Amino acid sequence: GTPAYYDWAPGGIDYDNAPVMAAVDPVATSPMEIYSTQVVDFAWTSPACYADKGLAGYEFTVHFDETMLSVVDSGFYDVPFGAPDPAFYDIQRGTGWLKFTAANWEVPFLGDGDLSFIEFEAIKTGWVHITLTSSYKTGAMPPEDMSVADGDVWILIEDNTDPTLVLDAITDPTSDGTNC
């Protein structure tokens, strides 16, 4: 990364030769079998420059192709990063997106961990792209915008199940004993 100044040292400003942005990444396994389900976690990674401020509030929208993935379940993890539950949290849903919003201004989340999850069912074969757009605030007073890299993931949905054929022999289709 580009060298930059951060307020992360106990005595004030320190120089970081390899700054890292905070990141939220969807964590998924590929390939995925058609009609199976998979939980996709949204993992938060915090760099040292936010260590003393923490994450106090966030809103991110998950975008996906609804012709390939169907939402089975979604939610927040109970106690992110060991902090108390968020004072406010909400999930909004639209066609091809879910928006997660959470905040705890009194006790910001410190460290790394999973923020939320979506359980998807694969309903069509091919490649599907899951992307994020987001906004994050520190626990500093007043809250500051955080510089965050929004992650994405590609999942291949396959159909590897061999078809089965079931034959039922009908010996007397007319039930009259003539077999005709």
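These figures come from a predicted structure and were not determined experimentally.

Participant: Would you mind showing me how to read the overall build of the chain here?
Facilitator: When helices and strands are counted, the chain shows 0 helices and 13 strands. Taking as baseline every contact in the chain between residues at least 6 positions apart, the subset at least 24 positions apart corresponds to 72%. As presented, the chain carries roughly 10,200 Å² of accessible surface, and 53% of it is formed by carbon and sulfur atoms.

Participant: So what exactly am I meant to see when it comes to the sheet that holds strand β5 (residues 37-45) here?
Facilitator: What holds strands together in a sheet is hydrogen bonding between their backbones, with the strands either parallel or antiparallel. Strand order in this open sheet of 5 strands is β7-β10-β5-β3-β12, and the pairing throughout is mixed. Across the chains shown, the open sheet's two edge strands, defined by having one partner strand only, are β7 (69-76) and β12 (148-150). The mean inter-strand angle of the sheet, taken between neighbouring strand axes irrespective of direction, is 20 degrees. Direction of pairing for β5 relative to strand β10 (residues 113-122): antiparallel, over a ladder of 8 bridges. Across the sheet, the residue bridging to T37 is E121, located in β10.

Participant: What am I meant to see in the sheet that holds strand β9 (residues 97-103) here?
Facilitator: Pairing in this open sheet of 6 strands is mixed, and the strands run β4-β13-β11-β6-β9-β8 from one edge to the other. A single partner strand is all that each edge strand has here, and the edge strands are β4 (32-33) and β8 (88-94). Sheet topology places strand β6 (residues 55-63) next to strand β11 (residues 126-138); 8 bridges connect them, and they run antiparallel. What sits directly across from V62, in β11, is L132.

Participant: Can you walk me through unusual backbone geometry in this structure?
Facilitator: Among all residues except glycine, the phi angle is most often negative; among peptide bonds, the trans geometry is most common. Here the amide bond leading from S30 into P31 is cis, since omega sits at 5 degrees, within 30 degrees of zero. Along the chain, the position of P31 falls in the loop between β3 (22-27) and β4. Looking along the chain, the bond that leaves M141 and enters P142 is cis, with omega of 0 degrees. Looking at the element boundaries, P142 is found in the loop between β11 and β12. Even without being a glycine, Y35 presents a positive backbone phi close to 70 degrees. Tracing the sequence through the fold places Y35 in the loop between β4 and β5.

So, how was this worked out
Residues numbered from 1 in each chain as written. Predicted model: local features only at pLDDT ≥ 70, side-chain atom pairs only at ≥ 80, totals over all residues. Heavy atoms only, no water. Helix = DSSP H or I, 4+ residues; strand = E, 2+ residues; numbered from the N terminus. Contact = heavy atoms within 4.5 Å. Areas by Shrake-Rupley, 256 points an atom, 1.4 Å probe, with all protein chains shown as cover. Pairing = 2+ DSSP bridges. Axes fitted to C-alpha atoms, helices over the stretch in contact; angles between N-to-C directions.

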